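Close look at the chain arrangement
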Amino acid sequence: MRLRDLGFVCLIVACGLALGRGVFRSSASVTAVKADVSQPLPDRPNVVGRVDEAFRRSWNERGIEPAPPAPDLAVMRRLSLALAGTLPSLEEIRRFEAQPPERRIDGWLDDLLRDRRSADYLAERFARAFVGTEDGPFIQFRRRRFISWLSDALLENRPYSAIVRDLIADRGIWTDHPATNFVSVTFDPAVELPDPERLAARVSRAFLGARIDCAQCHDHPFQHWKQADFRALAAFFGGVHSNLRGISDGEVFYKPLDRKTKAPTTVEARVPSHPELQPKEGTPRQQLAGWIVDPRNPYFSRATVNRAWAFAFGRPLVDPIDDLATADEIPEVLDILAADFAEHGCDLHRLIRTIVATEAFRLESDAPPSPTAEPKDETWAAFPMTRLRPEQVAGGIHQAAAVTTIGPESSWVVRFISYTERNDFVRRYGDTGEDEFAPRGGTIPQRLLLMNGEMVEKKIKGDMFNASKRIAQLAPDDDKAVELTYLAVLTRRPTPEEAAHFKHRFEGIKGDRRVDLLTDLYWTLLNATEFSWNH
């Protein structure tokens, strides 16, 4: 190696160490990290008070004492997992704690809503409801293009109603008009047309919170949806065609078989309720889209609020998330939030701000639910504990192993490696698929993957780019080394007992042995039950 190359390598290493040292200072002695309080935060939505009042009234009537408020760092962790699908980094925690206490959570939420990581993560969550998780027909469907378009729309906070309009009624080629992938994913190669009945099922579950498709084969014995309602909904897509010019509207081909005669029948497009809200102009798909997003249509707002609530809490207000019609009673809170969502232009960012500002979101967490607990038993008097989703586990491991934030500002090499390793981990861990909120337990293979998996081993070993080695080398003392590891993995500081337990193991240990001890501590915390739960 020539002298010039050696100098370059030393310069890179020195810059990395210098950046790392900035992370390792305690928040109490922060001088380099300045809290940015110049940007005013959005006002707290007035509807929050009505939601809190409704919960308080419910708790009083049932004699329930709500949990105390959660620590700020616990709320920060919840927000990061819910919106970005990962843990906050050490540098983000330092910036968070440098803020005045009254700005911390709202400021962190504001940062996340302007963060590309959140847009990408939420786009993937929404896409599971819109187009599923499979790759779909090779030529007619571009899932990555679809999610990229959806991510852009969420980042700029485009009205959700406008997004849904495009999904249902847009025309054109799926690469230039990515919203049309909502239609093209149902392309049936046998007839070379999109499937109207699959589209009707998607629309009813994703946008109306109703399983009208349960009446696809026959009238449902316990619901008021009939087979005629389902077919009438599918008929809105009965003239959708797909060819080399993309998705278009044309001659109606949807003619399902009559139940008795088995002969093809003509079905008139008809909305399942509130017919007065259906526009008179436009193509059938445009009329259906106009009916769905009409502010007076209660199904659309309720379904959207229920899904956004589930993203934030890990559980929907009404379970199952796509079957509100079977609920014994619609919760008052759901209707309050749905009305506010409709009145404010289907503003998703405002809806998320409202949910996060509620007292229920900021309470201490409850114990894990018992296996026999029913979703309807949820009182929201404590933040519900839920298992982390596979991608949250993968994102948490990756972020915990780095002292700096892994995100759009990272180099493309770091982002590429993170993307591929996380996808591989999720594949091995087990993707939850479209049924995101179904109760599920941990499995032995999942525990083994955390204990002995390749990614965990790679991320915690004493590599110069991993946090374990950098903390071991740069933390000013043993107390700080243990504290930083806890913050990186669990987003909290150790209790006095925990700190005392681990501190004495580092006393007098230097060099590689100290790095090995930090690696062991990382492994221990990543395999603690606390890491695998949202709380």
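Sequence positions are assigned chain by chain, starting from 1 and proceeding in written order. Per-residue local features are limited, in this predicted model, to residues with pLDDT of at least 70; the limit for side-chain atom pairs, both in listing and counting, is 80 or more; totals at the level of whole chains, interfaces and linings are taken over all residues. Derived side-chain values reflect all non-hydrogen atoms in the structure, with water molecules and hydrogen atoms excluded from consideration.

If you check an unreviewed UniProt entry, the protein chain appears there as DUF1549 domain-containing protein from Paludisphaera borealis.

What follows concerns helix α7 (residues 143-155). Working note: α-helix, 3.6 residues per turn, so residues spaced by three or four point in the same direction. Helix length check: α7 (13 residues) gives 18 Å between terminal C-alpha atoms against 18 Å at 1.5 Å per residue, within 8%. Classification of residues uses two cut-offs on accessible area relative to the type maximum, computed with a 1.4 Å probe and protein chains only: under 20% is buried, over 50% is exposed, and between them is partly exposed. Elements are defined by DSSP. Helices are runs of H or I of four residues or more, strands are runs of E of two residues or more, and each kind is numbered from the N terminus. By the burial criterion, the buried members of α7 are Arg-143, Phe-146, Ile-147, Trp-149, Leu-150, Ser-151, Ala-153 and Leu-154. Count one or two residues on from α7 and you reach Asn-157, which has phi positive near 55 degrees. Here a helix's expected span is defined as the number of its residues, less one, multiplied by 1.5 Å.

Membership of the largest hydrophobic core comes to 143 residues, with the highest contact counts inside it found for Leu-79, Phe-130, Phe-146, Tyr-160, Phe-182, Phe-207 and Ile-292. Where each domain starts and ends comes from a domain assignment, either automatic or drawn from a database. Two domains each provide a minimum of three residues to this core, namely domain 1 (157-293) and domain 2 (419-534). Contacts are residue-level and defined by heavy atoms, with any inter-residue pair within 4.5 Å sufficient. Those residues in contact with Phe-207 that lie beyond four places of it in its chain are Phe-130, Tyr-160, Val-164, Leu-167, Ile-168, Phe-182, Arg-202, Ile-292, Tyr-299, Phe-300 and Ala-303. Nonpolar cores are built from buried Ala, Val, Leu, Ile, Met, Phe, Trp, Tyr and Cys residues. Side-chain atoms within 4.5 Å join them into one set.

This paragraph deals with the packing of helix α13 (residues 298-313) against helix α14 (residues 332-343). Where α13 meets α14, the axes come as close as 8 Å, and the angle between the chain directions of the two elements is 110 degrees. With respect to α14, the element α13 is oriented roughly perpendicular. Where α13 crosses over α14, the handedness of that crossing is right-handed. Contact residues: Phe-300, Ser-301, Arg-302, Thr-304, Val-305, Asn-306 and Trp-309 in α13; Val-333, Leu-334, Asp-335, Leu-337, Ala-338, Phe-341 and Ala-342 in α14. Orientation is described by lines fitted to C-alpha atoms, with helices fitted over the stretch in contact, and by angles between N-to-C directions that extend from 0 to 180 degrees. In this scheme, roughly parallel covers angles under 35 degrees and roughly antiparallel covers those over 145, while 65 to 115 is roughly perpendicular and the rest are oblique. Left-handed describes a crossing whose near helix is turned anticlockwise from the far helix by less than a right angle; the clockwise case is right-handed.

The term salt bridge refers to a side-chain nitrogen of Lys or Arg lying within 4 Å of a carboxyl oxygen of Asp or Glu. Scanning the entire structure with this criterion turns up 37 salt bridges. The salt bridge partner of Glu-332 is Arg-57, with a shortest N-O separation of 2.7 Å. Here Glu-332, found in helix α14, pairs with Arg-57, found in helix α2 (residues 47-62); they are 275 residues apart in sequence, far enough to count as distant. What makes Glu-332 partly exposed here is its relative accessible area of 44%. The salt bridge partner of Arg-128 is Glu-124, with a shortest N-O separation of 3.1 Å. One end of the pair, Arg-128, and the other, Glu-124, are both in helix α6 (residues 116-131), 4 residues apart, so they sit about a helical turn from each other. Counted as one network, the salt bridges with shared partners bring together Glu-97, Lys-480, Glu-483 and Arg-493.

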